[in-house]
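What follows is each chain in one-letter form.
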Amino acid sequence: MRSVRIPVLLVALLLLSVVPLTEGNSSGKYSQSSGCSCHSQSGSTAATVSISGHPASYTPGSTYTLTISATGGVSGTDGGFSLEISHGSLSTGFTFAVNVNSAGTSATHSITGSNQRSWSVDWTAPSAGTGQATLSVAGLTADGSTNNNGDRWATATYQVPEAGAAPNTAPTASNLLLGPNGATTVSTLSLSYTYNDADNDPESGTTIDWFRDGIQIANAGTTAASSLTAKNQEWYAVVTPSDGSDAGTSVTSNTLVIANTIPTVGSPTIQPSSPESDDDLSYSASASDADQDTLTYETRWLLEGSVISDLDNSQTVPSYATRNGENWSMEVRVDDGEATSAWQAAQTVQIGSVVQNTPPEVVTVDISPLTPTTTDALSVTYVYADADNDAEVRHEIEWYRDGALDAVYQGTGVPSTSTEKDQTWSGRVRVSDGSAWSSWASTSTITIGNTAPEATSLEVSQTSLTTLESAIISITQTDIDGDAPVAPNVVWLKDGVRISSLDQSLNLPSEQTSKGEQWTVQVRANDGVDLSDNTLTATIAIVNSAPTASVELNDDASSLNPLNAIISTTDADDDAVTHSVHWYRNGFLEASLANQTSVPVALLGPGQLWSAEVVAHDGETPSSPVLQTVTILNLAPTAVITNPTPTIWIGELLTLDGSDSTDTDGRIVTFVWSWADTAGGSGTATGVTATFTPTTITTVQLTVQDDSGDQASTAFSFMPIQGPTIEEVDWSLEGQLVDLTWAYDGPNASFSIERNGIAIDSVTDLHYADTPLTSGDTVYTIRPIIDGVALQDGASSTVTVQVPATTDSTSSEGGLSGSILGFVLLLIGVGALSLIFLERRD
């Protein structure tokens, strides 16, 4: 084992011995993934750096071998890198070319690795739930000159999401603003924007592309140096936000046009500074223009403070134009074709011998008005004084806005259009007696105050109201300061008297008004500071309110119950109210009931539709008509079952009568009978009467229906009793006289005597004598009659009597006649008997 280790150690030492140890930063730098400021970017070819070997998404705890490559850049093989990770840890593995810091968060090249441009390092991914990891790297291509010049480096950033984590959301950029507003060629352009990321990922890899006159230029970062700009160029920038994983939608800023820069000129100097009467006067001045525009000079010469227009734009003043003791000065300004600089004054020189002059002074100076608004022009007033009693030759005024010299208004007043609320303004003035200038005298500082708004229109929702209606007002206003309107000042007057409880109300409520009143509203606009100087007014008349009416009809009206209308009226103005009523039956006016509140039953019929229309009147305005409709009730019929026989006998025909059923407001159109007994028997019938033969306890129901379709039912239950019977019928015969006797134990009854099935007589006794018309067999039946009803089951058994022929001599004609008569009577008896049996079958 020792024989192996020694050669390896020797090889390592040999490798270290050939490494150039004199290269600057050859041992690398940790945590410099944003680039190294110690190496210049002066190399001619741009470099790129990349990382390979990282996964599209990492598995927590897994180890990946990352390869860092620096390509392009300067020629040669020397290079270096600095890698930083946001999560996980780095390790070198078996290599001497890379070093890792103790925290495992940054790796860089070692001395051994400084002569190569590709390196490897192991990255162990962080634990689960960490989320996105960021890999940031800076790669250097070095020229091997052992100094920091002539190198090129580049940076790159990679975002590696956690496997299984939610997909990344691309970031957005908003609120792009390229400024400053009114930029000139001396302005540094600055871009601002707002970066937003729904995943709260940090900004990484955002690109900013700069465009000048529509052509992209090479410029990085959020600023563009003034040296890149020229007058009238159009600039804008495009921001593509990135979180290192995804790039968002590109957003374009506003377009900024580079404005003209006002040229400048320094204070001129008159030569010679102490001229004699035979010296020509000249001047020298220097001017500059940031836009490199061609400049035109303007000059004016002043004698004792007054401009000598004949000398305008003259370079010199010839000596023959000057006199001993005169005081001369001059002013110069330059123009670039678009803007003109301010006048710059030279010193004042005196021709010939010097006369001692006392400079004038400004005794007092004020700014007017002292409390201006944005509608007021500003001016400076001052008092001039001179110890030598020299007259004022000229003056200069400077204006300061918010503490800064205003380059526009020099020596003039400030128009109201150039002031804004809350600006501060001050001025200063100096005066000249033609030989010397006074010291500057400053005004106090004033603040531009608020300008009251102006009420421009007043709208009222209604100019004529009833006491049931409210009015709403609205106002429009203008404000020269651009102030937002606030609640206006509102005053309400009723018949000329102010109602203070409604102050500031935009609503005239109905409960405050009464008929005949005249209301006036006075409104002034408000901007939160001042009320408008003008007042807008509107008038509202309170007019009559129409009354209201309501009507209710009883819903139980029928042919027995009259239809009544309950009418109520109201009037918001408390006027006396009358009303009119019109009745309609089935849609047709019933004129006979005009203004009546009741309809008599004589006019009511079931199913009729009756309507009452009511209109209220207050003497001025009728109400809207109100209508109420009801349907007249149909009175149900009454079903009545009448039993004409006081006693109901088993097996005897029973006829029940429904004719006593009634319908108060119509007629009965159908009678339906049904019956059922306890033995299971049943039956039905229609018509006024029903006839059947009961045999046991029976319940009968009668249902009647009237002509309106309403029904009524009644029931009748009874238990028939066994009727009386004829017993012990006996007979005796004496010649042709038949004597019948019988026994009977029932209630009072009469007895129907039937011969050969034909009733021949009715008696109340228990015997009967009969002489038949014919001889031969004669059949007799005795039937009880109770309450006029002949009982069927109570009849006696039949008895047959053999009646002998008579012994009297008669002619053959008489015998034939008797035979014929007897035959006829027999036929009649058989027919009657048949009818009886048929009735029993029903």
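This one's a predicted model, so the numbers in the text were calculated from it and none came from an experiment.

Draft legend 1. Representation of the layout of surface pockets. Each pocket or cavity is described by its volume, and for the largest pocket that value is around 720 Å³. Lining the largest pocket are 29 residues, with Ala342, Trp343, Gln344, Glu398 and Gln410 positioned closest to its centre. It is strand E30 (residues 394–401) that provides the largest number of residues to the lining of the largest pocket, a total of five residues. Split by residue class, the lining of the largest pocket holds 13 nonpolar, nine polar and seven charged.

Draft legend 2. Structural detail: unusual backbone geometry. The peptide bond linking glycine 179 to proline 180 adopts the cis configuration, its omega dihedral lying at 5 degrees. Tracing the sequence through the fold places proline 180 in the loop between strand E10 (172–179) and strand E11 (189–196). Residue proline 369 is reached from serine 368 by a cis peptide bond, and omega for that bond is -5 degrees. Checked against the element boundaries, proline 369 lands in the loop between strand E28 (361–368) and strand E29 (379–385). Unusually for a residue other than glycine, aspartate 574 sits at a positive phi of about 60 degrees. Structurally, the position occupied by aspartate 574 is in the loop between strand E44 (563–570) and strand E45 (578–585).

Draft legend 3. Quick peek at the pairing of E30. Along E30, six of the eight residues are buried, which leaves the element largely enclosed by surrounding structure. Summarising the sheet, E30 and strand E32 (residues 424–432) pair through eight bridges and their orientation is antiparallel. For glutamate 396, the partnering residue across the bridge sits in E32 and is arginine 430. With three bridges connecting them, E30 and strand E31 (residues 404–410) associate as antiparallel partners. The residue bridging tyrosine 400 from the neighbouring strand is leucine 405, located in E31. Hairpin connection, E30 to E31: the antiparallel pair is bridged by two residues, and aspartate 402 has positive phi, about 50 degrees.

Draft legend 4. Main features of the sheet that holds strand E19 (residues 269–271). If you trace the three strands from one edge of the open sheet to the other, you get E19-E20-E24, paired in antiparallel fashion. In this open sheet, the two edge strands, each paired with only one partner strand, are E19 and strand E24 (316–317). Bridge count for E19 against strand E20 (residues 281–284) is three bridges, and the pairing is antiparallel. Residue pairing in the sheet places glutamine 271 in a bridge with serine 282 of E20.

Draft legend 5. Structural context of the pairing of strand E52 (residues 682–686). Only one face of E52 is buried: it carries Gly683 and Ala685, and the other face, with Ser682, Thr684 and Thr686, is open. Taking the residues that link successive antiparallel strands as the turn, the strand E51 (residues 668–677)-E52 hairpin has four residues, and the phi of glycine 680 there is positive, at about 95 degrees.

Draft legend 6. Summary view of the packing of aromatic side chains. Taken as a whole, this structure holds 14 aromatic pairs when the rule is applied. Measuring from ring centre to ring centre gives 5.8 Å for tyrosine 58 and tryptophan 123, while their planes differ by 80 degrees; the resulting arrangement is edge-to-face. Pair noted here: tyrosine 58 is in the loop between strand E1 (47–52) and strand E2 (63–72) and tryptophan 123 is in strand E7 (residues 118–124), with a separation of 65 residues, a long-range link. By the burial criterion, tyrosine 58 is buried, and tryptophan 123 matches it. Between tyrosine 283 and tryptophan 301, the ring centres sit 6.4 Å apart and the planes meet at 70 degrees, which makes this aromatic pair edge-to-face. Taken together, the residues span a long stretch of sequence, with tyrosine 283 in strand E20 and tryptophan 301 in strand E22 (residues 296–303) at a distance of 18 residues.

Draft legend 7. Structural context of the side chain of aspartate 386. Structurally, aspartate 386 is set in the loop between E29 and E30. No salt bridge is formed by the buried aspartate 386, whose closest oppositely charged neighbour, arginine 394, lies at an N-O distance of 14 Å. Of the polar contacts made by the side chain of aspartate 386, one reaches the side chain of tyrosine 384; its length is 3.4 Å. One polar contact links the side chain of aspartate 386 to the main-chain amide nitrogen of aspartate 390, over a distance of 3.0 Å. Not counting residues up to four positions away in its chain, the partners in contact with aspartate 386 are Thr358, Pro359, Pro360 and Asp433.

Draft legend 8. Spatial organisation of empty space enclosed by the protein. Counted by the stated rule, this structure contains two cavities of 30 Å³ or more. Volume-wise, the second largest cavity comes out at about 40 Å³. Around the second largest cavity, the lining residues are Leu302, Gly305, Asn327, Trp328, Ser329, Thr348, Arg394, Ser432, Gly434 and Trp437. Of the residues forming the lining of the second largest cavity, the biggest block, three residues, is contributed by strand E25 (residues 327–335). Tallied by class, residues from the lining of the second largest cavity come to three nonpolar, six polar and one charged.

Draft legend 9. Geometry of the nonpolar core. Counting 25 residues, the largest nonpolar core has Ile68, Leu83 and Trp123 as the members making the most contacts within it. For this core, the secondary structure elements donating two or more residues are E1, E2, strand E3 (79–85), E7, strand E8 (133–141) and strand E9 (152–160).

Draft legend 10. Local environment of the environment of alanine 743. Residue position: alanine 743 is located in strand E57 (residues 737–744). Taking relative accessible area as the criterion, alanine 743 reaches 23% and is therefore assigned partly exposed. Separated by 14 residues in sequence, alanine 743 and valine 729 have C-alpha atoms that sit 6.8 Å apart. Contact partners of alanine 743, with chain neighbours within four places excluded, come to Thr725, Ile726, Glu727 and Glu728.

Draft legend 11. Focus on the environment of valine 383. Tracing the backbone through its elements, the reader meets valine 383 in strand E29. Overall, the relative accessible area of 41% leaves valine 383 in the partly exposed class. Expressed as a C-alpha distance, the spacing of valine 383 and aspartate 366, which sit 17 residues apart in the sequence, is 9.3 Å.

Draft legend 12. Here's a closer look at the side chain of threonine 229. Here threonine 229 lies in the loop between strand E14 (223–224) and strand E15 (234–240). Once residues lying within four places of it in the same chain are set aside, the contact partners of threonine 229 are Thr184, Thr185, Leu189, Trp235 and Ile258.

Draft legend 13. Region of the structure containing the pattern of salt bridges. A complete count under the given rule lists 17 salt bridges for this structure. For the salt bridge of arginine 783 with glutamate 754, the shortest nitrogen-to-oxygen distance reads 2.9 Å. Of this pair, arginine 783 sits in strand E61 (residues 776–786) while glutamate 754 sits in strand E58 (residues 750–755), and the two are 29 residues apart along the sequence. Residues arginine 783 and glutamate 754 agree in their burial class; the two are buried.

Draft legend 14. Here's a closer look at the sheet that holds E44. Taken in spatial order, the three strands of this open sheet run E43-E44-E47, and their pairing is antiparallel. For this open sheet the edge positions go to strand E43 (548–553) and strand E47 (598–599), each flanked by a neighbour on one side alone. Where E44 meets E47, two bridges bridge the pair, whose relative direction is antiparallel. Bridge pairing links asparagine 564 to serine 598 in E47.

What counts and what doesn't
Residues numbered from 1 in each chain as written. Predicted model: local features only at pLDDT ≥ 70, side-chain atom pairs only at ≥ 80, totals over all residues. Heavy atoms only, no water. 1 Å grid on protein atoms, 1.4 Å probe; cavity = no way out; pocket = protein on both sides within 12 Å on 5 of 7 lines; lining within 4 Å. Points joined across faces, edges and corners; volume = space filled by probe spheres on them. Helix = DSSP H or I, 4+ residues; strand = E, 2+ residues; numbered from the N terminus. Nonpolar A, V, L, I, M, F, W, Y, C, P; charged D, E, K, R; others polar. Buried < 20%, exposed > 50% of the residue type's maximum accessible area, 1.4 Å probe, protein only. Pairing = 2+ DSSP bridges. Phe/Tyr/Trp six-rings, centres within 6.5 Å; stacked < 30°, edge-to-face > 60°. Lys, Arg positive; Asp, Glu negative; His and termini not counted. Salt bridge = Lys/Arg side-chain N within 4 Å of Asp/Glu carboxyl O. Polar contact = N/O pair within 3.5 Å; in protein donor to acceptor, adjacent residues only side chain to side chain. Contact = heavy atoms within 4.5 Å. Core = buried A, V, L, I, M, F, W, Y, C linked by side-chain atoms within 4.5 Å.

All we've got here are geometric facts, nothing functional implied.
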